[in-house]
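Each chain, letter by letter, is given below.
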Amino acid sequence: AKARTIPSEWYFDPEIYALECRKVFGNTWQYVGRSEQVAEPGSFLTTEIAEEPILVVRDEKGMLRAFHNACRHRAAQVVNEPCGHAAKLRCRYHGWTYDLAGRLIGTPEFAGVEDFRKEEQGLPPMAVETWGPFVFVHQGTPRQTLADFLAPFPEQAHGQELERLHFSSRRDYELQCNWKVFIDNYLDGGYHVNTVHPGLAGALDYANYRTEVHGYNSVQVSPLKAVGDSAVGKVRTGTHAYYWWIYPNLMINLYQGVADTNLVLPLGPDRCRVIFDFYFADITSEEAIRFNEDSVAVAHQVQLEDWGVCEEVQRGLKSRSYDTGRFSVKREAGGYYFHQMLAKALREYQT
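Let us look at the structure shown here. (Residues numbered from 1 in each chain as written. Predicted model: local features only at pLDDT ≥ 70, side-chain atom pairs only at ≥ 80, totals over all residues. Heavy atoms only, no water.)

## Things to note about the overall build of the chain
Basically, it comes down to this: Helix and strand assignments follow DSSP, with helices taken as H or I runs no shorter than four residues and strands as E runs no shorter than two, numbered in order from the N terminus. For the radius of gyration, the atom set is restricted to C-alpha positions; the globular benchmark scales as 2.2 Å times the number of residues to the power 0.38. Areas reported here follow the Shrake-Rupley algorithm with a probe of radius 1.4 Å; residue values treat only the protein chains shown as occluding.
The helix and strand inventory of the chain stands at nine helices and 17 strands. Taken against the 2.2 N^0.38 rule, which gives 20 Å for 351 residues, the C-alpha radius of gyration of the chain at 22 Å falls within 12% of a compact globule. When the backbone C-alpha atoms are referred to their principal axes, the chain occupies close to 75 × 55 × 30 Å. When the accessible surface of the chain is split by element, carbon and sulfur atoms take 49% of a total near 16,800 Å².

## Thoughts on the layout of surface pockets
Which entries qualify depends on this criterion: Two kinds of site are reported from a 1 Å grid over the protein atoms alone, namely cavities, where a 1.4 Å probe fits but cannot get out, and pockets, open sets with protein on both sides within 12 Å along at least five of seven lines, and residues are called lining when an atom falls within 4 Å of a point. Grid points are joined across faces, edges and corners, and a volume is the space filled by probe spheres set on the points. Polarity classes work like this: nonpolar for Ala, Val, Leu, Ile, Met, Phe, Trp, Tyr, Cys and Pro, charged for Asp, Glu, Lys and Arg, and polar for all others, with Gly in that last group.
Taken as a whole, the largest pocket spans an internal volume of roughly 520 Å³. Along the wall of the largest pocket there are 23 residues; nearest its centre are Thr5, Asp184, Val313, Tyr322 and Glu332. Going through the elements one at a time, helix H4 (179-186), helix H8 (286-317) and helix H9 (333-350) are the ones with two or more residues in the lining of the largest pocket. Of the residues forming the lining of the largest pocket, the biggest block, five residues, is contributed by H8. Residue composition of the lining of the largest pocket, grouped by class: 11 nonpolar, eight polar and four charged. Of the voids in this model, the second largest pocket is the one considered here, and its volume is about 340 Å³. In this structure, the second largest pocket is lined by 20 residues; those nearest its centre are Thr46, Thr47, Arg170, Arg273 and Ile275.

## Examining empty space enclosed by the protein
This model, assessed by the stated rule, comprises one cavity of 30 Å³ or more. Lining the largest cavity are 24 residues, and of these Tyr186, Leu200, Tyr243, Asn253 and Val302 lie nearest its centre. For the lining of the largest cavity, the secondary-structure elements that each account for two or more residues are H4, strand S15 (250-255), strand S16 (258-268) and H8. When grouped by side-chain class, the residues that make up the lining of the largest cavity number 12 nonpolar, eight polar and four charged.

## Notes on the packing of H4 against H8
Definition in use: Lines fitted to C-alpha atoms define the axes here, with helix axes fitted over just the stretch in contact, and angles between the N-to-C directions of these axes take values from 0 to 180 degrees. For this classification, under 35 degrees means roughly parallel, over 145 means roughly antiparallel, 65 to 115 means roughly perpendicular, and everything else is oblique. Each crossing gets its handedness from the near helix: less than a right angle anticlockwise from the far helix is left-handed, clockwise is right-handed. Any pair of residues with heavy atoms lying within 4.5 Å of one another is described as a contacting pair.
Two numbers describe how H4 lies on H8: the axes approach to 9 Å, and their chain directions differ by 125°. As judged from the angle between their axes, H4 and H8 are oblique. The interaxial crossing formed by H4 with H8 has right-handed handedness. Contact residues: Val181, Phe182 and Asn185 in H4; Gln303, Asp306, Val309, Cys310, Val313, Gln314 and Leu317 in H8. The residue inventory of the contact of H4 with H8, partitioned by class, reads six nonpolar, three polar and one charged.

## Observations concerning the packing of aromatic side chains
Put simply, the rule is: Pairing of aromatic side chains requires ring centres within 6.5 Å, counting the rings of Phe and Tyr and the six-membered ring of Trp. Pairs whose planes differ by under 30 degrees are stacked, by over 60 edge-to-face, and all others tilted. Per-residue accessibility, obtained with a 1.4 Å probe over protein chains only, is compared with the maximum for each type, and a residue is labelled buried under 20%, exposed over 50%, and partly exposed between these values. Criterion for a charge above a ring: Arg CZ or Lys NZ at most 6 Å from the ring centre, at most 35 degrees from the ring normal.
One pass over the full model with this rule turns up 23 aromatic pairs. Look at Phe110 and Phe116: their rings are 5.1 Å apart centre to centre, the planes differ by 70°, and that puts the pair in the edge-to-face class. Ring centres of Phe327 and Tyr336 lie 5.4 Å apart, and the angle between their planes is 55°; this geometry places the pair in the tilted category. Look at Tyr336 and you get partly exposed, because its relative accessible area is 34%. One aromatic cluster is present, formed by Tyr31, Trp131, Phe134, Phe136, Phe153, Phe167, Trp244 and Tyr279 through successive ring pairs. Here the guanidinium or amino end of Arg236 rests over the ring plane of Tyr255, the centre of that ring lying 4.5 Å away.

## Some thoughts on the pattern of salt bridges
Using the following cut-off: Note on definitions: salt bridges are taken to be side-chain nitrogens of Lys or Arg within 4 Å of carboxyl oxygens of Asp or Glu.
Under the defined criterion, the tally for this structure stands at nine salt bridges. One salt bridge connects Arg170 with Asp277, and the closest N-O pair in it is separated by 2.6 Å. A residue pair is termed long-range when its members are at least 10 positions apart, and Arg170 in strand S11 (residues 166-175) and Asp277 in strand S17 (residues 271-280) qualify at 107 residues. According to the relative accessible area criterion, Arg170 is partly exposed, its value standing at 40%. Here Arg273 and Asp172 are joined by a salt bridge, their closest N and O atoms 2.4 Å apart. A residue pair is termed long-range when its members are at least 10 positions apart, and Arg273 in strand S17 and Asp172 in strand S11 qualify at 101 residues. In this structure Arg273 comes out as partly exposed when scored by relative accessible area, which is 30%.

Here you go:
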């Protein structure tokens, strides 16, 4: 009732952005890809999170490993493909080579270099764990296991059969706004749905839309209404919609037989990349494929609507007239919780 948002400068200040890269993204469990991408020995995936290149690979013995994807010689990325299979990891710049356990095994024309030990120059590892269809890494020293970090999402999502769904497709968006603007928009408890998303608003029982907050996540739950032959009504069926947010930048939307993940990756103080991965119960039959395409089209339309609003907010945050805002007590518990967690993380870093 008395709270204010974080200051507007936090959405464009380079020093705050640098702190977030290290303390928030560099010190939390981060979703990096799908378990099926690294299921077999030699399979790998790569990503970049807050300017940190990351490599996940399953070694010859079947152990899942994660590394900072930067060669120890001149820091070129060792692996550049987004995913694939490899027998060894070879940097294309000067040919330095690592095995799948990250050990340095090849240094061409490097004889005579003093005080250099190959065994000390392997790829720096990071923690890696999986839950169901998802792979997470932690660049620092985890304070808790992935399961504890995600709780209670795994137990509740298991009940909604998320693990039975199959990956279908991906869409990428680049927005001219700070990553937190997108998170704020997601966490406003449906406050903007009636004004920004007219199609989705018809399917949600807004009067009974509620938010629950937990340790490192929150969930917005809305009963669904039958809306006949509308585009949204055809693909958003079942009794409820569940909108999970996992600190700081992962969102998982669950409907009956349908799910999508929204991953927000910072690209700078005023730019971010949003990756949507779509999952469905059936991805093979012709009828299911048409349904899935319609479902993705609905999600895309919602994203276009959010895209415009988020970029408008980013421009407004630089107005000399604005510093902080207030929260709706009824609707914005999730956003307030996010701001508390973020402020706590940055305060711990500074002390």
